[in-house]
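Each chain, letter by letter, is given below.
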Amino acid sequence: MKRRLALSLVFAAALVGAARGEPGVTPHKVVIGMSAPLSGPLAVYGNELEKGLRLGLAQANGAAGVGGRQLELLVKDDGGNPERAVANTRALLDGGVLALTGFHGPASIEAVLPLIEQARVPLVGAASSAELLREPLRRHVFNLRAAAREEAAAMVLQLDTVGMTEIAAITQDDALGRAAAEGVQVELSRLAIRPLAFARLSAAAGAAQAVQVACKTPPQALILGLDAGNALAVIRAARKAGCTPQFYVMSEAGTQLVAGGASPGELAGVIVSQVLPHPRTASVPVAADYLRLAAGAPSYAGLEGFVYARVITEALRRCGREPTRACLVDALESRPVDTGGYRVQFTPQDRRGSRFVEMTIVTPDGRFRR
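Here the structure is a predicted model, which is why all the values come from computation and not from measurement. All residue numbers refer to position in the chain's written sequence, counted from 1. With pLDDT at 70 or above as the cut-off, local features in this predicted model cover only qualifying residues; side-chain atom pairs require 80 or more to be listed or tallied, and sums for whole chains, interfaces and linings still use all residues. Heavy atoms from the whole structure form the basis of all side-chain values; hydrogens and water molecules are not counted.

A. Broad picture of the overall build of the protein. Counting from the N terminus, the helices are the DSSP runs of H or I reaching at least four residues and the strands are the DSSP runs of E reaching at least two. Helix and strand counts for the protein stand at 13 helices and 17 strands. Between the two quantities, the radius of gyration covers C-alpha atoms and the globule rule is 2.2 Å times the number of residues to the power 0.38. Its C-alpha radius of gyration of 22 Å places the protein within 12% of the 21 Å reference for a compact globule of 370 residues. With respect to the principal axes defined by its C-alpha atoms, the protein has extents near 85 × 40 × 40 Å. Exposure classes here rest on a 1.4 Å probe applied to the protein chains alone. A residue is buried below 20% of its type maximum, exposed above 50%, and partly exposed in between. Residues classed as buried in the protein amount to 54% of the 370 residues present. Throughout, a contact is declared for two residues whenever any of their heavy atoms are within 4.5 Å. Within the protein, counting contacts between residues at least 6 apart in sequence, those at least 24 apart form 67% of the total.

Written as structure tokens, this is what we have:
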């Protein structure tokens with residue numbers, strides 16, 4: 001009996017010692033780091049992401065934590081500035097975090113990728129549709145949402161389903177725009193639909209010029225692979241020119257516009273692709289849990305953060321009493337994670353996680369309706 005007790009104590013001490021040697025892990029807590037725009041033009045999205053993450057981690061902590069440890073979120077504001085995001089990431093890594101989550105904005109995320117790869121720290125959940133997070137494969141980056149390519153392809157498929165085949169697109173001259181253009185072109189080709197026009201919006205070719213190209217033959221639908229500011233400029237320019245197709249806007253741009261980038265009236269009827277279930281969908285368990293905890297103020301970005309917390313919690317549970325960065329990577333690759341009706345899956349060759357996309361329409365009072 002004494003020998004068994006002694007062996008148990010030695011084993012427990014070894015586990016604690018190993019855990020103490022892993023960044024962000026102590027005998028009583030696990031620290032996760034987040035850098036996001038909590039101020040500036042992207043603040044609405046960043047703040048909602050943080051709220052959702054905190055709700056999800058608090059739910060896990062209320063159930064005795066994970067492996068006897070409480071989950072702690074250490075958050076820094078980067079204001080959407082890549083240089084601040086890099087400084088924040090250095091500070092988080094130097095301070096000791098087991099993993100990162102909740103980064104937002106393609107420029108900021110791209111800037112911190114070298115630090116993530118050098119430290120071999122998992123980034124579990126990046127709020128961006130940018131293809132650069134998915135290809136080439138980045139072993140330590142886990143995307144929990146569909147990419148711009150999938151969003152654009154889903155728009156075309158939905159248009160074909162409702163019988164709209166006179167389609168034009170305007171995309172911006174960057175990674176987001178190129179991914180959106182590829183998604184539209186591939187899906188149109190698969191459906192044997194010839195696009196009316198493809199226009200590129202750049203510093204040299206502004207909104208009015210892009211609209212002139214896209215609306216030369218009036219389309220039934222105009223897909224916008226643009227950020228929020230450019231999407232709003234194009235919608236306004238098109239309406240001013242008398243071009244009034246069904247506008248399709250991507251998830252991040254749509255969320256920012258509805259949150260305050262435009263008046264509800266001028267967005268009414270705009271279709272917005274979404275990469276998560278509707279946050280008021282009671283039939284999806286993870287959305288229902290989030291809605292209950294969000295105290296009547298749900299948002300897509302908040303649900304996204306809540307999903308991030310669920311995935312991180314499940315990965316830590318799979319690691320048991322000895323969480324490490326390497327274990328988190330292996331745990332997420334081992335089998336799919338069902339967060340409650342929203343499922344993500346990773347393999348050593350694929351970090352896309354989810355391809356879920358559905359369409360919503362903006363109502364006159366500025367809400368998203370499925």
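B. Structural view of the packing of helix α8 (residues 228–240) against helix α9 (residues 251–261). Here, axes are lines fitted to C-alpha atoms. For helices the fit covers the stretch in contact, and angles between N-to-C directions go from 0 to 180 degrees. Remark: α8 packs on α9, axes separated minimally by 9 Å, with the N-to-C direction vectors making an angle of 75°. Between α8 and α9, the angle is such that the two are roughly perpendicular. Contact residues: Ala-228, Ala-231 and Leu-232 in α8; Ala-253, Gln-256, Leu-257 and Gly-261 in α9. The nonpolar class holds Ala, Val, Leu, Ile, Met, Phe, Trp, Tyr, Cys and Pro. Asp, Glu, Lys and Arg form the charged class, and all remaining residues, Gly among them, are polar. The residue makeup of the contact of α8 with α9, split by class, is five nonpolar, two polar and no charged. An angle counts as roughly parallel when it lies under 35 degrees, as roughly antiparallel when it exceeds 145, as roughly perpendicular when it falls between 65 and 115, and as oblique in every other case.

C. View of the confidence of the model for the protein. The predictor rates its confidence in each residue with pLDDT, a number between 0 and 100. Here the protein shows a mean pLDDT of 92. Residues at 70 or above account for 95%. Every residue in residues 1–19 is under pLDDT 50, and counting partners more than four places away or in other chains gives six contacts.

D. Structural detail: the pattern of salt bridges. Salt bridges are defined as contacts in which a side-chain nitrogen from Lys or Arg sits within 4 Å of a carboxyl oxygen from Asp or Glu. Applying the stated rule across the entire model yields 26 salt bridges. For Glu-135, the salt bridge is made with Arg-149, and the minimal N-O distance between the two is 3.5 Å. Taken together, the residues span a long stretch of sequence, with Glu-135 in the loop between β6 (126–127) and β7 (141–142) and Arg-149 in helix α5 (residues 148–161) at a distance of 14 residues. One continuous salt-bridge network, built from bridges that share partners, spans Glu-131, Glu-135, Arg-149, Glu-150, Glu-182 and Arg-352.

E. Main features of the environment of Arg-343. Along the chain, Arg-343 turns up in strand β14 (residues 343–347). With 198 residues separating them along the chain, Arg-343 and Arg-145 place their C-alpha atoms 9.9 Å apart. Beyond its immediate sequence surroundings of up to four residues, Arg-343 is in contact with Pro-336, Val-337, Asp-338, Gly-353 and Ser-354. Side-chain polar atoms of Arg-343 contact the side chain of Gln-345, separated by 3.4 Å. Any pair of nitrogen or oxygen atoms within 3.5 Å is treated as a polar contact; in protein, a donor-acceptor pairing is required on top of that, and neighbouring residues in sequence qualify only through side-chain atoms on both sides.

F. Just the nonpolar core, in detail. Take the buried residues of types Ala, Val, Leu, Ile, Met, Phe, Trp, Tyr and Cys, join any two whose side-chain atoms come within 4.5 Å, and each joined set is a nonpolar core. In this structure, Ile-170, Leu-224 and Val-234 are the most contacted members of the largest nonpolar core, which totals 77 residues. Looking at which element gives the most residues to this core, the answer is helix α12 (residues 300–319), with twelve residues. Of the residues that make up this core, three or more belong to each of domain 1 (25–146 + 281–355) and domain 2 (148–274). Not counting the four nearest positions on each side in its chain, Val-234 is found in contact with Ile-170, Leu-201, Ala-207, Val-211, Leu-222, Leu-224 and Leu-226. Residue ranges assigned to the domains are those given by an automatic or database domain assignment.

G. Representation of the UniProt feature "domain: Leucine-binding protein" (unreviewed entry) in the protein in the model. UniProt positions are given in the numbering used here, feature names are shortened, and annotations may be inferred rather than shown by experiment. Following the UniProt record, the feature "domain: Leucine-binding protein" (unreviewed entry) maps to residues 30–357 here. End C-alpha to end C-alpha, residues 30–357 measures 32 Å, and it is 47% helix and 18% strand.

H. Quick look at the packing of helix α2 (residues 43–62) against helix α11 (residues 285–293). At a minimum axis distance of 11 Å, the contact between α2 and α11 shows a crossing angle of 100°. What the angle tells us is that α2 and α11 run roughly perpendicular. Packed against α2, whose contacting residues are Glu-48, Leu-55 and Gln-59, the element α11 presents Asp-289, Tyr-290, Arg-292 and Leu-293 at the interface. Each residue belonging to the contact of α2 with α11 can be placed in one class, and the counts come to three nonpolar, one polar and three charged.

I. Inspection of the side chain of Thr-363 at higher detail. Tracing the backbone shows Thr-363 in the loop between β16 (358–362) and β17 (368–369). The class for Thr-363 is buried, based on a relative accessible area of 12%. Here Asp-365 takes part through its side chain, which lies 2.3 Å from a polar atom of the side chain of Thr-363. Excluding anything up to four places from it in sequence, Thr-363 contacts Pro-264, Ala-268 and Arg-369.

J. Spotlight on the packing of aromatic side chains. Centre distance within 6.5 Å is the pairing criterion for rings of Phe, Tyr and Trp, where only the six-membered ring of Trp is used; planes under 30 degrees apart are then read as stacked, over 60 as edge-to-face, and the remainder as tilted. Under the criterion given, the structure shown has four aromatic pairs. Considering the side-chain rings of Tyr-290 and Phe-306, the 5.7 Å spacing of their centres and the 50° angle between planes classify their relative orientation as tilted. You can see Tyr-290 sitting in helix α11 and its partner Phe-306 sitting in helix α12, a full 16 residues away along the chain. Each member of the pair Tyr-290 and Phe-306 is classed as buried. With 6.1 Å between their ring centres and 80° between their planes, Tyr-342 and Phe-356 make a pair best called edge-to-face. Taken together, the residues span a long stretch of sequence, with Tyr-342 in the loop between β13 (337–338) and β14 and Phe-356 in the loop between β15 (350–353) and β16 at a distance of 14 residues. On the accessibility criterion, Tyr-342 (2% relative accessible area) is buried. The partly exposed category is assigned to Phe-356, whose relative accessible area is 28%.

K. Seen up close, unusual backbone geometry. The omega angle of the peptide bond from Glu-135 to Pro-136 is 0°, so this bond is cis rather than trans. Mapped onto the fold, Pro-136 is located in the loop between β6 and β7. In this model, Arg-120 sits at a positive phi of 55°, which is unusual for a non-glycine residue. Looking at the element boundaries, Arg-120 is found in the loop between α4 (106–119) and β5 (123–124). Taking relative accessible area as the criterion, Arg-120 reaches 59% and is therefore assigned exposed. Even without a glycine there, the phi angle at Ala-192 is positive, about 60°. Assignment of secondary structure puts Ala-192 in the loop between α6 (175–190) and β9 (197–201).

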